[in-house]
Every structure is written in structure tokens, then in C-alpha cells.
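Tertiary structure, described
One-letter residues, chain by chain:
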Amino acid sequence: MNALIILGGDRPSAALLRTLAGQADFLLCADSGLAAAQAAGVVPDAVIGDMDSVPDEALRRYAQAGNVLRLPCEKDDTDGVAALDEAIRRGAAHVTLTGALGGRLDHALANCMLLVRAYNRGITACIEEDAERVELLRGRREIFGRPGQTFSLLSLGEARIASLTGAHYPLHDYAMSCDHPIGVSNLFEQPVICVDIAQGDVLFFQQNRL
């Protein structure tokens, strides 16, 4: 099953939210992600979070149906972690996160870390925004784009790129580290690039994909 989670970062466009909701088997809102869902006219299956940024009136219809999972304000996890874990509990095999970027930088970075959490629990995940797509790369992947389209590769800690082909700046047997962001602003040379990660985790940012 595919799950969509709407987080409380920069609000995605209504068009993007409707598209993503139409591709999902179920939809969860984390806290103020509910406002984005309501603005786009999409109905979540549940709202989860400490509700510190959601007006009470916005929750009433969901609370009456038993679809609000309220968390304590003082907790060890973020609302995004709770929403991802709930999606996994409900049987999601793939999770799309949106509203994950923008706003506070620490929140945006924490939301990128959710991609690692998902993969470590045996499911795939990505972040889809109007301006870019983010996913975690492990192993070998073919990624579709268009010639001239910008993408970036950033390692989480130490990683080794066995090969990167189809790009304007190819790589071969390259040790990538987080203290030298050499992978920023590469370009699709071909409609498909192939990335082979021999070791470690790499975040892939694809600009203006949608």
C-alpha cells in the first residue's frame, strides 16, 4: 500500500496535494499538515500529533469520527516520526511525504531523516514538493529526468559512489563525505542517470521534477 503524509512545513500547492492523494491508499496529516489538506479539499484518514498548531475547530470533524491520534506535547519523537510509524503500522509499503521542507531548518532536516527511518524498517519513502523531490539512495538505482535538469547528491556521513553515469559530472569509485558537498548542482546529461552506491546512504535531490 502507498501512504501519503502531509507535514507542517511549507504548504504544497493544492494541485500537487490532489495528485499525491489520488495516488495514495490512505492519507495521514501530521499536526498542521491538516490545514494544507483542508485548503486542497483532500480528506485525511487520520490526524496525528500534539496539535499544538491546529485550531480546535479544525479537529472537531475528525475527533468525532475517532480519527485524531493526539500525542503529548512533551515527547521524545517528532510528529513526523509518529505519522511515519503509524503509516508503517497500517501496512504501508511506500510512503510519500509532502510539506516536509521549508520553515525551520531543523524540522526540514529531521524530515529528511525520516527517509532513513523508513528504509531501515523495510519500506521505501520519498519527499515530494512542488519544486523538488528527495529520496534516499542505497545500492544501484536508475532515475529518470530530462537533459539539463538539476540534481544533487549529498552523503549522510561517509559513502562510496561506485559509479554515476548519464550525468554532466560523472563519478567513478568516489569516496563522498559530508564535509565536502561535491555532489551539489549536477545535471542530467541523459534522460536516465544510473547511480550505484557501494556503501553508505546518499540523499538525492531532483529539482523541478513536477
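Located above this text is the structure these notes cover.
The paragraphs below set out a description of the structure included in this document.

Parameters and conventions
Residues numbered from 1 in each chain as written. Predicted model: local features only at pLDDT ≥ 70, side-chain atom pairs only at ≥ 80, totals over all residues. Heavy atoms only, no water. Helix = DSSP H or I, 4+ residues; strand = E, 2+ residues; numbered from the N terminus. Buried < 20%, exposed > 50% of the residue type's maximum accessible area, 1.4 Å probe, protein only. Contact = heavy atoms within 4.5 Å. Areas by Shrake-Rupley, 256 points an atom, 1.4 Å probe, with all protein chains shown as cover. Pairing = 2+ DSSP bridges. Expected span 1.5 Å × (residues − 1). Axes fitted to C-alpha atoms, helices over the stretch in contact; angles between N-to-C directions. Parallel < 35°, antiparallel > 145°, perpendicular 65-115°, else oblique. Nonpolar A, V, L, I, M, F, W, Y, C, P; charged D, E, K, R; others polar. Core = buried A, V, L, I, M, F, W, Y, C linked by side-chain atoms within 4.5 Å. Salt bridge = Lys/Arg side-chain N within 4 Å of Asp/Glu carboxyl O.

This part is about the overall build of the protein chain. Each helix and strand in the protein chain was counted, giving 5 helices and 11 strands. The buried share of the protein chain, reckoned over its 210 residues, is 46%. Long-range pairs, those at least 24 residues apart, make up 62% of the contacts in the protein chain between residues at least 6 apart in sequence. Total accessible area on the protein chain stands at roughly 10,100 Å², and carbon and sulfur atoms take up 50% of it.

Bridge analysis of strand 6 (residues 124–128) against strand 7 (residues 132–144) gives 3 bridges, and the strand direction is antiparallel. The residue of strand 7 that forms the bridge with C126 is E135. From the end of strand 6 to the start of strand 7, which pair antiparallel, there are 3 residues. Here strand 7 pairs with strand 11 (residues 192–207) via 12 bridges, running antiparallel. Its bridge partner being in strand 11, E132 is matched across the sheet by Q207.

Let us now look at helix 5 (residues 105–120). Counted at 1.5 Å a residue, the expected span for helix 5 with its 16 residues is 22 Å, and the 23 Å between its end C-alpha atoms agrees. Among the residues making up helix 5, those that are buried are A108, N111, C112, L114, L115, V116 and A118. Looking at the buried side of helix 5, the elements it contacts are helix 4 (79–89), strand 5 (94–98), strand 6, strand 7, strand 8 (150–165) and strand 11. Of the residues one or two after helix 5, G122 is the one with positive phi, at around 85 degrees.

To continue, consider the packing of helix 1 (residues 14–23) against helix 2 (residues 33–40). Between helix 1 and helix 2, whose axes approach to 9 Å, the crossing angle comes to 95 degrees. In terms of orientation, helix 1 lies roughly perpendicular with respect to helix 2. Listed contacts from helix 2 to A14, L17 and R18 of helix 1 are A36, A37 and A40. Each residue belonging to the contact of helix 1 with helix 2 can be placed in one class, and the counts come to 5 nonpolar, no polar and 1 charged.

Core analysis: the largest hydrophobic core is formed by 31 residues, its most contacted members being I5, A87, V95, L97, L115 and I127. Ranked by residues supplied to this core, first place goes to helix 5 with 6 residues. Discounting residues that sit within four places of it in the chain, A87 has contacts with A3, I5, F26, L28, A92 and V95. One finds A167, M176, V195 and F204 within the second-largest nonpolar core, a separate group that totals 16 residues.

Attention now goes to the pattern of salt bridges. Inspection of every chain in the model, using the stated rule, returns 9 salt bridges. In this structure, the salt-bridge partner of R90 is E86, at a minimum N-O distance of 2.8 Å. E86 sits in the buried class, given a relative accessible area of 10%. The closest approach of N and O atoms between R160 and D173, which form a salt bridge, is 3.0 Å. A residue pair is termed long-range when its members are at least 10 positions apart, and R160 in strand 8 and D173 in strand 9 (residues 171–177) qualify at 13 residues. Beyond isolated ion pairs, a larger network of salt bridges with shared partners links E128, R133, E135 and R141.

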